[in-house]
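In case you want the letters, here they are:
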Amino acid sequence: HLVLAFSFIGYIPFSKLFHIISAPTNIFFRSFQPNGQLTSIDIENAETFGAGKISDFSWKQLLDLDACTQCGRCQDNCPAYLSEKPLSPKKLILDLLTNLNQKGAQLLTQQQATNNETEEPLVGSAVTPDEIWACTTCRACMEECPVIIEHVQKVIDLRRHLVLMLSQFPKEVQLVLKNLTNNFNPWGIGFSSRGDWANGLDVKTFSGEDDSEILYFVGCAGAFDDRYKKVAQSFVKILNAAGIKFGILGAEEKCCGDSARRIGEEYLFQTLAQENIATFQQHNIKKIVTTCPHGYNTLKNEYPQFNGNFEVIHAVELIADLLKQGKIVLKKDFQQSIVLHDSCYLGRYNNIYEQPREIIQNISGAKLLEMERNRDKSFCCGAGGGRMWFEETIGKRINNLRVEQALETKPNAV
């Protein structure tokens, strides 16, 4: 018995059972930063950007690899994998672990520490470009992982290396990044027309000298997308009905930078973020509301990395609060069923689940329906991680899968 017991103990470090040790250690060293915050890069002083080889990952990211229990829960909930894309979060971690094991002995030597350019690049050897670009950063993998592995940050670090060091990215991305640089929005529409969506509405342009209490950060879609302009216009009517004093920045507003950061263009993101923060501070803005989940997450969780500390709320939080206070009253009868899609960047990233449901429940006659995948089990719409600007040519379209899931409930509205 003693020989068997000690043989088993000696076997643990050389087998997948090593996660008995590494998993609790990984959980202990988990990050306590906001879910929606990616790590920042010191652009001015960094010599390399992202992760081009296994030694570019931090010690915590390498510990993640050893901690994997190979349970497959991440894979079972990944929209990219379920839509037949080449990405499997489980396989990604295990492929990186294989590369680590192959390079481990070299990494421990002083020679390799000073001459690690001999390492072969990760993308192309351990993982493929299609795997890296398939990720929607929906965070379903991280939500399901029992040992708190951080898949998304690794994907972003791999993208950062491809974009910033090698200038390798899908051809569609080149135009998007150019548009963000020249006109501060992904569509490339002239930034001077950013406030045109509000023509004919009672909307003030924020000056900092009036009595506006809150900035409505419209975002690129609200300013330029014809369908989403209607959301911005409707939200303005709600704010006016509640008597809230607010303003917009108009042509002074720039893209929040979410797509740039998650595509891997950290330099462009930081430029946009710092310019927006300077504008907010110039107008003495303290409180911001936004209708875009991605803009909300970026302003709330990532701008503080650059001293952009503001009170940021999402439209559904504000509307739910106004309904509770009786500042707005829903009078019309709406005898229809409504199914709710939980946005990844509101739900898993910021734990906003109940407020949109409270709003629907305040609508007279409305019946709230739930998809099988809801709340923290919600299914991505497919546009996160900069994927809104990519052509989806591999597997099934994620957005179509989500619409089919909604239609299974036989709703009148989504």
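Analysis parameters
Within each chain, residue numbers correspond to sequence positions counted from 1 in written order. Given that the model is predicted, a residue must reach a pLDDT of at least 70 before its local features are reported, and side-chain atom pairs must reach 80 or more before they are shown or counted; all residues, however, enter totals for whole chains, interfaces and linings. Side-chain metrics rest on all non-hydrogen atoms present in the structure, leaving aside hydrogens and water. By definition, any uninterrupted DSSP run of H or I lasting at least four residues is a helix, any uninterrupted run of E lasting at least two residues is a strand, and each is numbered from the N terminus. Only C-alpha atoms enter the radius of gyration, while the globule expectation follows 2.2 Å times N to the 0.38, with N the number of residues. Working definition: with a 1.4 Å probe on protein chains only, accessible area under 20% of the residue-type maximum means buried, over 50% means exposed, and in between means partly exposed. Residue contacts are defined here by distance: any two heavy atoms, one from each residue, within 4.5 Å place the two residues in contact. In short, Shrake-Rupley with a 1.4 Å probe defines the accessible areas, and a residue's cover is counted only from the protein chains shown. In these notes, a set of buried Ala, Val, Leu, Ile, Met, Phe, Trp, Tyr and Cys residues joined through side-chain atoms within 4.5 Å is what counts as a nonpolar core. Only when DSSP finds a minimum of two bridges between them are two strands counted as paired. Orienting the strands away from the viewer, one traces the path from the first strand over the helix to the second; a clockwise path indicates a right-handed crossover. Salt bridge, as used here, is a side-chain nitrogen of Lys or Arg placed within 4 Å of a carboxyl oxygen of Asp or Glu. Only rings of Phe, Tyr and Trp enter the pairing, Trp through its six-membered ring, and a pair is recorded when the two centres are within 6.5 Å. The plane angle decides the type: under 30 degrees is stacked, over 60 is edge-to-face, the rest tilted. Patch rule: a residue counts if its relative accessible area is over 30% and it has no salt bridge; like charges are joined within 9 Å, and nonpolar side chains (Val, Leu, Ile, Met, Phe, Trp, Tyr) within 5 Å.

## Looking at the overall build of the protein chain
Move 1: Counting its secondary structure elements, the protein chain contains 19 helices and 7 strands.
Move 2: What you see for the protein chain is a C-alpha radius of gyration of 23 Å, in line with the 22 Å of a compact globule of 414 residues.
Move 3: Reported as C-alpha extents along the three principal axes, the dimensions of the protein chain are approximately 80 × 45 × 40 Å.
Move 4: Among the 414 residues that make up the protein chain, the fraction classed as buried is 51%.
Move 5: Put simply, of all contacts in the protein chain between residues at least 6 apart along the chain, 79% involve residues at least 24 apart.
Move 6: For the protein chain, the exposed surface amounts to about 20,100 Å²; the carbon and sulfur share of it is 52%.

## Thoughts on the nonpolar core
Move 1: Among the nonpolar cores identified, the biggest contains 91 residues, and Trp 197, Tyr 216 and Phe 280 are the most heavily contacted of them.
Move 2: Once residues within four sequence positions are removed from consideration, Tyr 216 is found in contact with Trp 197, Ala 232, Phe 235, Val 236, Phe 246, Gly 247, Ile 248, Glu 253, Val 289, Thr 290 and Thr 291.

## Remarks on the pairing of strand E4 (residues 287–290)
Note on strand geometry: in a regular strand, side chains alternate between the two faces of the sheet.
Move 1: Bridging between strand E2 (residues 214–217) and E4 involves 3 bridges; their strand directions are parallel. Within the sheet, the bridge partner assigned to Leu 215 lies in E4 and is Ile 288.
Move 2: The pairing of E4 with strand E5 (residues 311–314) spans 4 bridges and is classified as parallel. Pairing of Lys 287 across the sheet is with Glu 311, part of E5.
Move 3: Read as a crossover between parallel neighbours, the route from E4 over helix H16 (residues 293–302) to E5 is right-handed.

## Observations concerning the pattern of salt bridges
Move 1: Tallied over the entire structure, the rule returns 23 salt bridges.
Move 2: As a salt-bridge pair, Lys 91 and Glu 131 come within 3.9 Å of each other at their nearest N and O atoms. Remark: Glu 131 occurs in helix H8 (residues 129–134) and Lys 91 occurs in helix H6 (residues 89–107); sequence separation between them is 40 residues.

## Some remarks on the packing of aromatic side chains
Move 1: Overall, the coordinates contain 11 aromatic pairs when judged by the stated rule.
Move 2: Ring plane angle 85 degrees and centroid distance 6.0 Å describe the contact between Phe 217 and Phe 280, whose orientation is recorded as edge-to-face. With Phe 217 in strand E2 and Phe 280 in helix H15 (residues 266–282), the pair connects residues that are 63 residues apart, well separated along the chain.
Move 3: Assessed through its relative accessible area of 1%, Phe 217 is described here as buried.

## What about a nonpolar patch on the surface?
Move 1: Side chains of Leu 2, Phe 6, Phe 8, Ile 9 and Tyr 11 sit close together on the surface and give an oily, nonpolar patch of about 580 Å² of accessible area.
Move 2: Mapped onto the elements, Ile 9 comes out in helix H1 (residues 2–11).

## Regarding helix H17 (residues 315–325)
Move 1: Among the residues of H17, Ala 315, Val 316, Leu 318, Ile 319, Ala 320, Leu 322 and Leu 323 are the ones counted as buried.
Move 2: Where H17 is buried, its residues meet helix H13 (226–241), E4, E5 and helix H18 (354–361).
Move 3: Downstream of H17 by one or two residues, Gly 326 has phi in the positive range, about 75 degrees.

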